[in-house]
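# Results of the structural survey
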Amino acid sequence: MVDDKALADAPALAVLELLALDSPPGHFQELLDRARREKLPRMPMEELERATRLALKIQASSHQRRQRESVMADLVNTVHDMTIPYDPDTLLKVITSRARRLLGFDMAYISLRRPGGGSYVHSSDGDTTSLNVGLVVEESRGLGEMAHESGAPYWTSDYLNDDRIPHGEQLDAVVRAEGLHAIMVVPIHQSGVPIGALYGADRVVRHFTPDEISFMRYLADFAAVALEKARLLDRSQKEIAELRVAGVRARATIARTRQLSGALAALVHLVLSGGELHELAKAAAGTLDAGLVVSDGCGRTLVCAGEPPGLDQARTRDAALEAHAAGGPVEVAENVWAAPVGAGGERGLVLLRADRALTEDERAFFGSVGQTVALLLVVQRSTAVAEGPLRDEFFDGLLTAVAQPPGQLARQAHQLGIDADAPYVVVVARPEGGEHGKAVVWSSSYAYRSSGLMKVHEGDIVLLLPGTDASAVARAVSGELSPLLAEPVTVASAGPAASLASVAQVYQEALRCFDALLALDGAGSAASIDDLGFLGLLLSDDHDVDGFVASVIGPVLDHDAERATHLVATMEAYFAAGSSPTRAAGGLHVHPNTVTRRLDRITELLGPGWQQPERATEAQLALRLLRARDVLRRRREAVLGQREAAAGPQDAPGSQDTLGK
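Residues numbered from 1 in each chain as written. Predicted model: local features only at pLDDT ≥ 70, side-chain atom pairs only at ≥ 80, totals over all residues. Heavy atoms only, no water.

## Examining helix α5 (residues 88-103)
The end-to-end C-alpha distance of α5 is 23 Å, a good match for the 22 Å that 16 residues give at a rise of 1.5 Å each. Buried within α5 we find Pro88, Leu91, Leu92, Val94, Ile95, Thr96, Ser97, Ala99, Leu102 and Leu103. Two residues or fewer after α5 comes Gly104, characterised by a positive phi angle close to 70 degrees. (Helix = DSSP H or I, 4+ residues; strand = E, 2+ residues; numbered from the N terminus. Expected span 1.5 Å × (residues − 1). Buried < 20%, exposed > 50% of the residue type's maximum accessible area, 1.4 Å probe, protein only.)

Below, the structure is given as structure tokens:
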């Protein structure tokens, strides 16, 4: 504190002492008050007042300079912080926090422009409610819109009471909820285009100084540069990340392409090394991790690997048409693809079912699988042609029953890929048009694929095919050959042959079946000896009476045996009565309704149409054969009984053995 002597002798010096001590402004005022109380002379008093004014001015200037230096230091630190590689959202939060602390605001926030007009509050610092962040500011409302339109800062000491501002209801509600009064806003520009605004607000009435407005503008300019940098960095990082992902995908694609290329080479090698169709299908299915089916031109499955696509025969035929029309793989259902197979006169299809969508390279590979299957069929056909003379010679020997040692026959069959122990069906086929050459080529390939034999004998195609159902084999041959030739084909079959040595006998039955088809005006149809009913019984060498009876009325016989009914007797009485239920009831001594019920039951067992002329004839023949067999059996048993009685009990066993022989 300045003493009284210093105040009286050198008033200005006393003021300098306070100034040197950086005393607060109140001390200067106290010095003036003391001088007035002590009634300092006029001249020293005037000198003291002038010195006090100058000291206060110097002190204010010094404080302002120090404050500017402090703010500038904080601003430099803020700019330094903005050089840190933030993402845009984090950077905006850093800017609001820095602005609030730098200029002593109660609250700071940033709004960004919306593409359709207006703006929204992106980030905020110092807020006390959740109303501010995300607030949409309507166009031409609030200080921010005024700053955007003019490109210059705007401020107010008391926002809600300032009539210059175009108020908005929602915006005013937020200002009121936050208790804000003084608000300053400066626009944020990038390349001369406003992208947002930086706000500073106080909850008391405040008059902003030019330095504060300038510092706010500097901060907004720095924020614009930093934000652009952050956005560029963020975009670059995203592009780098995308490039990395693209690189990974590209490497995976290249690796997959190499794998598919190697797999395709392996398939071709498999074909050229004599591999089988099922091996090729399994390898292709494993490469694509999917189920795969190879079918013929009629939609019948040749080989299957993995879980099949689940298409029925009709849908498979439609898929074949689509694939052949497109000339390559087509998607016929969700994740189900079809690829055409074309090998000379043969057409087929490869179906694939995957648990995912196929890539472009995988689709191309799948198309190549179809071509590889076609190549395999061509190779098999060529092999069949090359082995043709040996096969023809071997087949001729079977058809003409040339006597050979059993061991030699088995060895020849093994050399030609024929299983000597398997059952075989003989098929005789004749195209009814002019496509005989194409039929021969197809038959040769078909027999080779089926591990059978084929030859042309007296103008007819003769096939030896594995199987036990002669009717099914005949239908299969007709079903493939007729559509291929686009003309009817007469197909007859017989079998199965008990061994290769009995093929000649079965062949003769097939020829008789073929002649019977022509005699019955059945050219262009397919049938076996069994399909001809009683005619087949007559044409067959073994005259299988039991088999014929069972095929015609077997269900009725089983029903009588299991339930002790009289359906067979009812059928005999019904036919004997001229198909009259009433007269049949009289012969059976039962009510006509009983006969009707029995006839209905017979219909359930044999199916509708058993009373039609053709089937009725077969039924009557079966009944007569059954009755004749029973009569012969009873006579044989009676004769046997008489002989046993005449021979005596001690000779009975020997007599039975003699009769059995």
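Now that the structure has been shown, we can carry on.
## Overview of helix α14 (residues 436-449)
With 14 residues, α14 ought to run about 20 Å at 1.5 Å a step, and its terminal C-alpha atoms sit 20 Å apart, in line with that. Of the residues making up α14, those classed as buried are Ala439, Trp442, Ser443, Ser444, Ser445, Tyr446 and Ala447. Positioned one or two residues after α14, Ser451 has a phi angle of 60 degrees, which is positive.

## Describing the confidence of the model for the protein
A residue-level look at the protein finds 82% of positions with pLDDT of 70 or above and a mean pLDDT of 78. Least confident of the elements in the protein is helix α23 (residues 652-660), whose mean pLDDT is 39; most confident is strand β4 (residues 154-156), at 91. A low-confidence stretch, residues 652-661 stays under pLDDT 50, and its non-local contacts, those more than four residues away or across chains, total four contacts. (pLDDT = per-residue confidence, 0-100. Contact = heavy atoms within 4.5 Å.)

## Notes on the nonpolar core
By size, the foremost hydrophobic cluster in this structure holds 30 residues, and its most contacted members are Leu280, Leu292, Val350, Leu352, Phe366, Val369 and Val373. Elements that contribute at least two residues to this core include exactly α8 (210-272), α9 (277-288), β7 (291-296), β8 (301-305), β10 (336-343), β11 (346-353) and α11 (360-386). Excluding its chain neighbours within four sequence positions, the residues that come into contact with Val369 are Leu267, Leu280, Ala284, Leu292 and Val350. Residues Phe395, Leu399, Val428 and Leu517 belong to the second largest nonpolar core, which totals 28 residues. (Core = buried A, V, L, I, M, F, W, Y, C linked by side-chain atoms within 4.5 Å.)

## A few points about the packing of helix α2 (residues 11-20) against helix α3 (residues 25-37)
A pair of packed helices is characterised by two quantities: the angle between their axes and the separation of those axes. Between α2 and α3, whose axes approach to 10 Å, the crossing angle comes to 160 degrees. Classified by the angle their axes make, α2 and α3 are roughly antiparallel. α3 is crossed by α2, and the crossing has right-handed handedness. Between α2 and α3, the residues in contact are Ala14, Val15, Leu18 and Leu19 and His27, Phe28 and Leu31, respectively. Residue classes in the contact of α2 with α3 are distributed as six nonpolar, one polar and no charged. (Axes fitted to C-alpha atoms, helices over the stretch in contact; angles between N-to-C directions. Parallel < 35°, antiparallel > 145°, perpendicular 65-115°, else oblique. Left-handed = near helix turned anticlockwise from the far one by under 90°. Nonpolar A, V, L, I, M, F, W, Y, C, P; charged D, E, K, R; others polar.)

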